[in-house]
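Read off the chains here:
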Amino acid sequence: MSGNRGKALVAVVGVALSALFLWLAVRNADLDAVRDGLADARFGYVLLAVLALGVGYGFQAARWQRIADAPRLRLGSFYGMLLGGLACNNVLPVRIGELLRAGWLSRDAPMPGGRAFGSVVLDRICDVVTVSVFFAIGLEAVASAEWLVRLAVGAMLAVAVIAVALVLARLYSSRRGPRVGGRPHGRLVKILRDAVEMLGEPIGRRRAATWLGLSVCTWSLSTVATALVARSLGIDLSVLEAVFVTSALALGVAIPSSPGYIGTYQWLGVAALGLLDIPVEQALAFSILMQASWYVPTTLAGGAFVGLRLVRGRPVHVPDPELG
């Protein structure tokens, strides 16, 4: 019962935050002007943005494939699992999609659940590092905003915390030595132990460069999508401005809002473009189109992936520590 109460609390908090941020986004906007802007948008640019994002997810899937090191699975499998996880994150109040794609990988590879979960954690770490660097670069477009500088410092601190966590995981793995027989103390303990051990394994410069290179490709295409959606509304963003807006939106999804970051995304879009002197109506129309460009395709495609797994009798579950 306590688990259900925790999930209910997260859902209530997430919906409340989304409602608050949505109100902040629309309170000073002329909604008729927003509607007119959306009606006049050049949707050819939006379709190109959807294509750019779709290719970007392909680079992300390729990164996860290299992190997981599961030779039995092709890139298409990782692409489907990635979209399935995104779809679950889009419609559910907690980021359960990360656990689910770890579970799918654990079953399909197969590999221990902890290693599968560790691969997802490393995949997300690549995103945090890359987006934080993009954000620091994009700050050149709005360097006068003091709160943005503080946010950039916070992002850099987050990267530092990740680095320290990886070092500690490495120390734990090196000192723990080989495993001794015996049953684990529980499913969760074994998953976490295996995940920490994976995080502590040496990566190597070539592998790290490959992961980060694929991350740069992913977020560069997302930046292209941002510029295209803005162009559909007559907003011309420079490269630095597009990088800034993209990274600000990406960092904002860490806020536990639900469902699908609705409200949070609009508030962030209005706030970010407002710093570039874009009228609130155009900024709100941009955030709506930008969110729709990834939310609708990933929800539909990812939902189809989850549905096919259910039809084929392949369960949707969390990682199993005994596989592999």
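Computed from a prediction, not measured in an experiment: that's the story for all the values here.

*Asks:* If you had to explain the packing of helix H6 (residues 113-138) against helix H10 (residues 239-252) to someone new, which residues and values would you point to?
*Replies:* When two helices pack together, their arrangement is given by the angle between the helix axes and by the axis-to-axis distance. Between H6 and H10, the least distance of the axes is 8 Å, while the angle of their chain directions is 135°. Judged by the angle between their axes, H6 and H10 are oblique. As for the relative orientation of H6 and H10, their crossing is left-handed in sense. Residue-level contacts link Val131, Ser132, Phe134, Phe135, Ile137 and Gly138 of H6 to Leu240, Val243, Phe244, Ser247, Ala248, Ala250 and Leu251 of H10. Grouping the amino acids of the contact of H6 with H10 by side-chain chemistry returns 10 nonpolar, 3 polar and no charged.

*Asks:* Which residues make up unusual backbone geometry, and what values do they have?
*Replies:* The omega torsion across alanine 109 and proline 110 is -20°, close enough to zero to call that bond cis. By the secondary structure assignment, proline 110 is in the loop between helix H5 (96-108) and H6. Despite not being glycine, aspartate 69 has its phi angle at roughly 55°, a positive value. Locating aspartate 69 in the fold gives a position in the loop between helix H3 (43-68) and helix H4 (75-91). Exposure remark for aspartate 69: the relative accessible area of 59% places this residue in the exposed category. Positive phi outside glycine occurs at aspartate 277, with the angle close to 65°. With respect to the secondary-structure elements, aspartate 277 resides in the loop between helix H11 (264-274) and helix H12 (280-311). Looking at aspartate 277, the relative accessible area reads 71%, which means it is exposed.

So, how was this worked out
Residues numbered from 1 in each chain as written. Predicted model: local features only at pLDDT ≥ 70, side-chain atom pairs only at ≥ 80, totals over all residues. Heavy atoms only, no water. Axes fitted to C-alpha atoms, helices over the stretch in contact; angles between N-to-C directions. Helix = DSSP H or I, 4+ residues; strand = E, 2+ residues; numbered from the N terminus. Parallel < 35°, antiparallel > 145°, perpendicular 65-115°, else oblique. Left-handed = near helix turned anticlockwise from the far one by under 90°. Contact = heavy atoms within 4.5 Å. Nonpolar A, V, L, I, M, F, W, Y, C, P; charged D, E, K, R; others polar. Buried < 20%, exposed > 50% of the residue type's maximum accessible area, 1.4 Å probe, protein only.

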